[in-house]
Number of protein chains: 2
Amino acid sequence: MAVPEPLPESRVSEPSVRRLSAYYRVLGALCGEGENTVSSYALARRAGVTPAQVRKDLSIFGHFGKRGTGYPVITLRQEIQSILGLDRSWRMALAGAGNLAHALFAYKEFPAEGFHIHALFDSDPAKIGQTWNGLVVESVERLVPVVRETSVEIGLITTPAAAAQDVCDLFVRGGVRGILNFAPRKLFVPEGVSLRNVNLAIELESLSFALK
Amino acid sequence: MAVPEPLPESRVSEPSVRRLSAYYRVLGALCGEGENTVSSYALARRAGVTPAQVRKDLSIFGHFGKRGTGYPVITLRQEIQSILGLDRSWRMALAGAGNLAHALFAYKEFPAEGFHIHALFDSDPAKIGQTWNGLVVESVERLVPVVRETSVEIGLITTPAAAAQDVCDLFVRGGVRGILNFAPRKLFVPEGVSLRNVNLAIELESLSFALK
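All of the points below concern the structure found in this document.

Parameters at a glance
- Think of each chain on its own: its residues are numbered from 1, step by step along the sequence as written.
- Each chain is given a letter, starting from A, and each ligand a number, starting from 1, according to the order in which they appear as written.
- Under the rules for a predicted model, residues below a pLDDT of 70 receive no local features and side-chain atom pairs below 80 are neither given nor counted, while totals for whole chains, interfaces and linings still include all residues.
- Excluding hydrogens and water, the side-chain figures rest on all heavy atoms present in the structure.
- For every element, the axis is a line fit to its C-alpha atoms; helices are fit only across the contacting stretch, and the angle between N-to-C directions ranges from 0 to 180 degrees.
- Labels follow the DSSP assignment, with helices taken as runs of H or I lasting at least four residues and strands as runs of E lasting at least two, numbered in each case from the N terminus.
- Note on angle classes: values under 35 degrees are labelled roughly parallel, values over 145 roughly antiparallel, values of 65 to 115 roughly perpendicular, and the remainder oblique.
- Less than a right angle of anticlockwise turn of the near helix away from the far helix marks a crossing as left-handed, whereas a clockwise turn marks it as right-handed.
- Pairs of residues are marked as contacts when any of their non-hydrogen atoms sit within 4.5 Å.
- Note on residue categories: nonpolar means Ala, Val, Leu, Ile, Met, Phe, Trp, Tyr, Cys or Pro, charged means Asp, Glu, Lys or Arg, and polar means any other residue, Gly included.
- The span expected for a helix works out to 1.5 Å for each residue beyond the first.
- A 1.4 Å probe rolled over the protein chains alone gives each residue an accessible area, and that area as a share of the maximum for its type sets the label: buried under 20%, exposed over 50%, partly exposed in between.
- By definition, the buried area sums, over both parts, the 1.4 Å-probe accessible area that each loses when the two are put together.
- Only one rule defines a salt bridge in this text: a Lys or Arg side-chain nitrogen within 4 Å of an Asp or Glu carboxyl oxygen.
- In protein, a polar contact requires one atom able to donate a hydrogen and another able to accept it; more generally it is a pair of N or O atoms within 3.5 Å, and residues adjacent in sequence count only if both atoms are side-chain atoms.
- Least-squares superposition aligns the copies on the C-alpha atoms of those residues with pLDDT at or above 70 in both.
- Put simply, a nonpolar core is a bunch of buried Ala, Val, Leu, Ile, Met, Phe, Trp, Tyr and Cys residues held in one set by side-chain atoms that sit within 4.5 Å of each other.
- Think of it this way: a Phe, Tyr or Trp ring, Trp meaning its six-membered ring, pairs with another when their centres are within 6.5 Å, and the plane angle makes it stacked under 30 degrees, edge-to-face over 60, tilted otherwise.
- For two strands to pair, DSSP has to find at least two bridges joining them.
- A crossover counts as right-handed when, viewed with the strands pointing away from the observer, the path leading from the first strand over the helix to the second turns clockwise.

1. A word on the packing of helix H9 (residues 200-211) of chain A against helix H1 (residues 14-32) of chain B
It is at 10 Å that the axes of H9 of chain A and H1 of chain B come closest, and there the two elements cross at 120°. Here H1 of chain B runs oblique to H9 of chain A, going by the angle between their axes. By crossing handedness, the relation of H9 of chain A to H1 of chain B is classed as right-handed. On the side of H9 of chain A, the interface is formed by Ala201, Ile202, Glu203, Glu205, Ser206 and Phe209 of chain A, while H1 of chain B contributes Glu14, Val17, Arg18, Ser21, Tyr24 and Arg25 of chain B. Residues of the contact of H9 of chain A with H1 of chain B, tallied by class, amount to 5 nonpolar, 2 polar and 5 charged.

Structure representation (structure tokens):
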């Protein structure tokens, strides 16, 4: 197997990143099953895409996947892990200590992939001072200094819609480089800060389209 | 404006459905702002895609969006609403009455788009009998008859990974046509039942890719 060339990452589109995430999960499962190689056909079937799509997506890694031999499971998984930034750990803080925050705080896939929550914030005096698995919920007024002091890189927003932009601005002032927004409203971030929005209704829309 | 031809829905791909969801939200916002028409350029900018992608996606609706006049906001929104199955209401049940379930139960976008939760289930005796906004959490042993009696069409799964397939099977026996799975494991459903998986870590992976 040839050493893959450095990846021209600007060529990797957002949908392509999502497919890499899917391949990464399939490859993790294949590792667990003791498989050494996987064909584009088998990888495609388990990731829910076409074999041609797999070959196209993985062509960015250079000379992986020779005809007849398939892709090397462990090496390919490591490559994708590195591309996705999952070969390191990320420091996160969460603003809005409600039910969704509880669910995210307990979500085992986050720490398993290197995403760790180091600070919690809320504006509700009834929540400030609560201890979640050893971590104290702090006042949102303390967000900027705490985020700075604890070198938080990613801010999670699970506040009501009305508070989301203010909290987002505080995260930006605190120096985060990325925001994951669960509040159902459009947020604005300055250049240099990455924003992703999770809209839980979109998945239901895809389902209702299929059921209609 | 010509009357759009019936949509050949088999031509609508999954990513295309997701973009229709995004356009649907932008068009809703534009309605609220009192706009009558929108250019493919403006729609693209607000939905985060290219104008060419907008024109291609919306070409399925026939003769919308003549050069120089733009798309009619209200009519196009109604068309997309109908395509996505959002012009009717959907009956849902939720299994796994934990924090994520609480968050989904309180998620205002669901009822706003016609998605209503009519039953809640858990296997924990401490949760069975709880009342959530007037709805009683029932034993998962009652899932099949309750789902049948209340004509539930969509099952939401927020159980731990280990319980998810069993609950999924119960939903299928109860006659649901669609499953939205939040548990971090792959589920199997028989033909004729649609499955969508929400993986909250995938959004973080997209973010870590961008930040790396």
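2. Some points on helix H8 (residues 161-174) of chain A
Residues and elements named next belong to chain A. An ideal rise of 1.5 Å per residue puts 20 Å on 14 residues; H8 measures up with 20 Å between its terminal C-alpha atoms. Here H8 has its buried residues at Ala164, Gln165, Val167, Cys168, Phe171 and Gly174. On its buried face, H8 sits against strand S3 (90-95), helix H7 (143-149), strand S7 (154-157) and strand S8 (178-181). Following H8 by one or two positions, glycine 175 adopts a phi angle in the positive range, close to 100°.

3. Quick look at the interface of chain B and chain A
In this assembly, 55 residues from chain B lie in contact with 55 residues from chain A. In total, chain B and chain A occlude about 4,900 Å² of area from one another, counting both sides; carbon and sulfur atoms represent 64% of this. Put simply, chain B and chain A have 4 salt bridges between them. The shortest N-O distance in the salt bridge between glutamate 203 of chain B and arginine 18 of chain A comes to 2.9 Å. Put simply, chain B and chain A have 18 residue pairs in polar contact (both at pLDDT 80 or more) between them. Looking at the side of chain B that touches chain A, the element that brings in the most residues is helix H9 (residues 200-211) of chain B, giving 12 residues. Here the side of chain B that touches chain A is composed, by residue class, of 30 nonpolar, 11 polar and 14 charged.

4. Quick notes on the relation of the copies chain B and chain A
Of the two same-sequence chains, chain B is brought onto chain A (RMSD 0.1 Å, axial shift 0.0 Å) by a rotation of 180°. Taken together, these values place the two copies in the relation of a two-fold axis. The fraction of interface residues of chain B whose copies in chain A are also interface residues reaches 100%, indicating that both copies meet through the same surface.

5. Let's talk about H1 of chain B
When the terminal C-alpha atoms of H1 of chain B are compared, their 28 Å separation across 19 residues agrees well with the 27 Å that a helix rising 1.5 Å per residue should span. Every buried residue of H1 of chain B is accounted for by Ser16, Val17, Leu20, Ser21, Tyr23, Tyr24, Val26, Leu27 and Leu30 of chain B. Of the surrounding secondary structure, the elements contacted by the buried residues of H1 of chain B are H9 of chain A together with strand S1 (37-38), helix H2 (40-47), helix H3 (51-58) and helix H4 (73-83) of chain B. Where H1 of chain B terminates, the next one or two residues include glycine 34 of chain B, which has phi positive at roughly 80°.

6. Notes on the nonpolar core
The nonpolar side chains of a soluble globular protein tend to be buried with one another. Grouped together as the largest cluster of nonpolar side chains are 97 residues, with contacts concentrated most on Leu58 and Ile80 of chain A together with Leu43, Leu58 and Ile80 of chain B. With residues near it in sequence (within four places) discarded, leucine 58 of chain A still touches Leu20, Tyr23, Leu43, Tyr71, Leu76 and Ile80 of chain A.

7. Looking at the packing of aromatic side chains
Residues and elements named next belong to chain A. By the definition in use, this model includes 4 aromatic pairs over all chains. Arranged with centres 5.5 Å apart and planes meeting at 75°, the rings of phenylalanine 105 and tryptophan 132 form a pair that is edge-to-face. Within this pair, whereas phenylalanine 105 is found in helix H5 (residues 99-105), its partner tryptophan 132 is found in strand S5 (residues 131-132), the two being separated by 27 residues in sequence. A residue is classified by how much of its surface remains accessible, and phenylalanine 105, at 24% relative accessible area, is partly exposed. Note on tyrosine 107 and phenylalanine 110: the rings are 4.9 Å apart at their centroids and 65° apart in plane angle, and the pair reads as edge-to-face. Per residue, the accessibility class of tyrosine 107 equals that of phenylalanine 110, and both read buried.

8. Let's talk about the pairing of strand S7 (residues 154-157) of chain B
Residues and elements named next belong to chain B. Here S7 shows no split at all, with Ile154 and Leu156 on one side and Gly155 and Ile157 on the other all buried. By the bridge criterion, 4 bridges tie strand S3 (residues 90-95) to S7 in an arrangement that is parallel. Paired with alanine 93 across the strands is glycine 155, a residue of S7. A crossover connection joins S7 to the parallel strand S8 (residues 178-181) through helix H8 (residues 161-174); in handedness this β-α-β unit is right-handed.

9. With respect to the pairing of strand S9 (residues 194-197) of chain B
Residue and element names in this part refer to chain B. Here S9 shows one buried face, formed by Ser194 and Arg196, and one open face, formed by Leu195 and Asn197. Summarising the sheet, S8 and S9 pair through 4 bridges and their orientation is parallel. In the sheet register, leucine 180 faces S9, and the bridge partner there is arginine 196.

10. Remarks on the sheet that holds S5 of chain A
Residues and elements named next belong to chain A. Ordered by their spatial adjacency, 7 strands build an open sheet running S5-S6-S4-S3-S7-S8-S9, and the pairing between neighbours is mixed. What marks the edges here is a single partner per strand, and that holds for S5 and strand S9 (194-197). The pairing of S7 with S8 spans 4 bridges and is parallel. Residue pairing for S8: isoleucine 157 is matched across the bridge by asparagine 181. On top of the sheet, H8 reaches S3, S7 and S8; it is set at about 170° to S7, its chief contact.

11. Quick word on the environment of tyrosine 24 of chain A
Residues and elements named next belong to chain A. As for its placement among the helices and strands, tyrosine 24 is situated in helix H1 (residues 14-32). Tyrosine 24 gets classed as buried once you look at its relative accessible area, which sits at 7%. Considered as a pair, tyrosine 24 and leucine 84 are 60 residues apart in the sequence and their alpha carbons are 9.3 Å apart.

12. Some thoughts on the side chain of serine 40 of chain A
All names here are of chain A. Tracing the backbone through its elements, the reader meets serine 40 in helix H2 (residues 40-47). Of the polar contacts made by the side chain of serine 40, one reaches the side chain of arginine 55; its length is 2.9 Å. Serine 40 has contacts with Pro51, Val54, Arg55 and Tyr71, leaving out every residue within four places of it along the chain.

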